[in-house]
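# Survey of secondary and tertiary structure
The chain contents come next:
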Amino acid sequence: MIDKQLFKIDGAGSILKKLAGLEILQAFFIVGQALALASVLSKLWAGQPLDWLLLITFAACFIARQLISTLRDSMLEKYSGRVAEELRQQLLNKVFRDGQALVQKQGTGSLITMSLDGVDEVRQYIKLIYSKVLTMMIVPVLIFVGMLFLSWTSAVILLVMYPLIVLFMIILGHAAQDRAIKQFGNFQVLSNNFIDSLRGIDTLKYLGLSKRYSKSIFNLSEGFRKKTMAVLKVAMLSTFALDFFTTLSIAIIAVFLGFDLMNGKIALFPALGILILAPDYFLPIRDFAGDFHATLNGKNAFKRINELINLPEEKTNDLPLKTWSAQDQLKIKNLKFTYQKGTEIGPVSLQVQGFKKIGIIGMSGSGKTSLINLLSGFLTPDQAQIELQGQETTTMNIPAWQRQMTYIPQEPYVFTKRLRENIAFYNPQASDDEIKQAIHIMGLDALLNDLPNGLDTVIGRGKRVLSGGQSQRIALARAFLDPKRKIMIFDEPTAHLDIETEIDLKKRMMPLMQNKLVFFATHRLHWLKEMDYILVMDHGQLVEQGSYEQLQKNQGYFCKLMAGMRGENNDQ
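In this text, all values refer to a predicted model and were calculated from it rather than measured experimentally.

### Digging into the side chain of serine 80
Relative to the assigned elements, serine 80 resides in helix H2 (residues 52–106). Among residues more than four places away in sequence, those in contact with serine 80 are Arg123, Ile126 and Lys127.

### Examining the confidence of the model for the protein
Looking at the protein, pLDDT values average 83 and 84% of them are 70 or higher. Per-element mean pLDDT across the protein ranges from 57 in helix H5 (residues 201–207) up to 95 in strand E3 (residues 357–361).

### Focus on the sheet that holds strand E8 (residues 517–522)
Taken in spatial order, the six strands line up as E6-E7-E8-E3-E9-E10 in an open sheet, and their pairing is mixed. Among the strands making up the open sheet, the edge pair consists of strand E6 (405–408) and strand E10 (541–546). When the angles between neighbouring strand axes are averaged without regard to direction, this sheet yields 15°. Here five bridges tie strand E7 (residues 487–491) to E8, and the two strands are oriented parallel to one another. Among the inter-strand pairings, isoleucine 489 is bridged to a residue of E8, identified as phenylalanine 519.

### Quick look at unusual backbone geometry
With an omega of 5°, the peptide bond between glycine 346 and proline 347 qualifies as cis. By secondary structure assignment, the location of proline 347 is in strand E2 (residues 344–353). At glutamate 492, a position not held by glycine, the phi torsion is positive, near 45°. Secondary-structure assignment places glutamate 492 in the loop between E7 and helix H15 (499–509).

### Things to note about helix H17 (residues 557–566)
Three or more residues of H17 are buried, namely Phe558, Cys559, Leu561, Met562 and Ala563. Contact partners of the buried residues in H17: E3, strand E9 (533–538), E10 and helix H16 (548–554).

### Examining the packing of helix H12 (residues 432–441) against helix H14 (residues 468–481)
Two elements in contact, H12 and H14, have axes separated by 9 Å at closest approach and are oriented at 130°. Comparing their axes, H14 and H12 come out oblique. The two elements H12 and H14 meet at a crossing, and its hand is right-handed. Between H12 and H14, the residues in contact are Glu434, Ile435, Gln437, Ala438 and Ile441 and Ala477, Phe480 and Leu481, respectively. Considered class by class, the residues forming the contact of H12 with H14 number six nonpolar, one polar and one charged.

### A word on the sheet that holds E2
In space, the four strands of this open sheet follow the order E2-E1-E4-E5, with antiparallel pairing throughout. With partners counted over all chains shown, the strands left at the sheet margins are E2 and strand E5 (391–393), one partner each. Strand-to-strand twist in this sheet, taken as the mean axis angle between neighbours without regard to direction, amounts to 15°.

### So, the packing of aromatic side chains
All told, the structure shown has twelve aromatic pairs when counted by the stated rule. Geometrically, the ring pair formed by phenylalanine 415 and phenylalanine 425 is stacked, given 5.1 Å between the ring centres and 20° between the ring planes. Separated by ten residues along the polypeptide, phenylalanine 415 in the loop between E6 and helix H11 (419–423) and phenylalanine 425 in the loop between H11 and H12 bring together distant segments of the chain. Residue class for phenylalanine 415 comes out partly exposed when judged on its relative accessible area of 27%. Their ring planes at 35° and their centres at 5.1 Å tell us that phenylalanine 490 and phenylalanine 520 sit as a pair that is tilted. Residue phenylalanine 490 is located in strand E7, and its partner phenylalanine 520 is located in strand E8; the two are separated by 30 residues in the primary sequence. The two residues phenylalanine 490 and phenylalanine 520 agree in class, both being buried. Through successive ring pairs, a cluster of aromatic residues spans Tyr413, Phe415, Phe425 and Tyr426. Cation over ring: arginine 478 sits above phenylalanine 425, and NZ or CZ is 5.5 Å from the ring centre.

Rules used throughout
Residues numbered from 1 in each chain as written. Predicted model: local features only at pLDDT ≥ 70, side-chain atom pairs only at ≥ 80, totals over all residues. Heavy atoms only, no water. Helix = DSSP H or I, 4+ residues; strand = E, 2+ residues; numbered from the N terminus. Contact = heavy atoms within 4.5 Å. pLDDT = per-residue confidence, 0-100. Pairing = 2+ DSSP bridges. Axes fitted to C-alpha atoms, helices over the stretch in contact; angles between N-to-C directions. Buried < 20%, exposed > 50% of the residue type's maximum accessible area, 1.4 Å probe, protein only. Parallel < 35°, antiparallel > 145°, perpendicular 65-115°, else oblique. Left-handed = near helix turned anticlockwise from the far one by under 90°. Nonpolar A, V, L, I, M, F, W, Y, C, P; charged D, E, K, R; others polar. Phe/Tyr/Trp six-rings, centres within 6.5 Å; stacked < 30°, edge-to-face > 60°. Lys NZ or Arg CZ within 6 Å of the ring centre and 35° of its normal.

Structure representation (structure tokens):
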């Protein structure tokens, strides 16, 4: 129910001390409010005139109690917001450092859920735990002490009832907790499934599988809904049980006090004081039970986020590499990688020297993107013998390698920033003239002229909508602005573009590849003749490699693949 790690957060000790002080003050005002009201009513019952001083005291205690609650909520809102943003930043830093490897292991949907909904649930969790738990620990104790002075027998009866209520809350709470943990896992599965289906919706529609996957998502979400209702039933049962027993306890006290009043064993003032204080005595535990389900979700999210943040860092190698030149070599032998679901990539062995354009070809799912991610250092191989510029390593996750690399995926990311900042991403010091030259060469003049504020127009999500071709041109303009980067990695950059846009982009891309080491994954055949060397992938394995002419002469899988992509009948 309560994660101990919650109290080890920076600033937890300070905020808890301040909250404890406020809760003590609030308890005194609750007792003062009850005594003042009981005294006013008992005097009126005895036929005495209204005591305005006591009535003002009651009003002052009531107002002070509300002000303390407002101040406590304000402090918790600021503190929980700060902690939540720090957790989100730590999680995003983790994703940024480990990148594709973390996404592959945890799932895109899970990371998105934790970064957005998960962090918000943690913020709510901190607010509830810090306020509700401290209130339960302090307020009932001080109210009990106050009731002892009014009627120790009534106070003892209420004290005996309190552990029974806590016992029922623990029993029902464990049942809700087990269900909530399972439900949290189901939510992550649903998130991953939905995000993956959404990202591949174009391909699913093209293959005629969108309806089948929509049914899959519906079934998953319907199952999630039913399990959520089962968790809520247990949570509501817990709340009902607490309300029932607290109401029963107050009713029992009221009966005993009624008999004592009739028998003259107790005066009206202490009896009223006990009855007024009794609901506030049980109120903290009732409030906690009412938010019990929210605390379970927050606890699970807090635990999961900390697990993600504390995952071991991906293996890196700080090799002191120099800028890639025509004499440098990259040798890879027996590179292998296995996904959690069991899909294997490799073994891959290849040797590259100097500036070459290396094409990576294969059907969808053949392992092209995986190989690109391994060469980029975004994934860490399970095993590999790599020699880079004469230095040995087991991974391409090398900061000095990635600093001289330009990476252009299928859908380049356009930041929600000015056009100037988007294009100058790799070279922030570029002048406006250099940026406009890159825009002109990449065919973005029409876009620039159409923007109301020119280079200062904010583009990206929620702002100016760009076509796929315009996004790719911006990515290429970034590469043009930073000629010092001698390694270019393309992951099917034209996969979602129409043929006219692709041909136009091809003319602009080829000059960028001169005097660079280029890895170009594609399933478009017209790119292959532009490549100096070709890697042919099939079911995760590198089945052929060589120049276009060599592969044609071999009449192996490459030729069958080419015929299949052209739609030719290759049965012989």
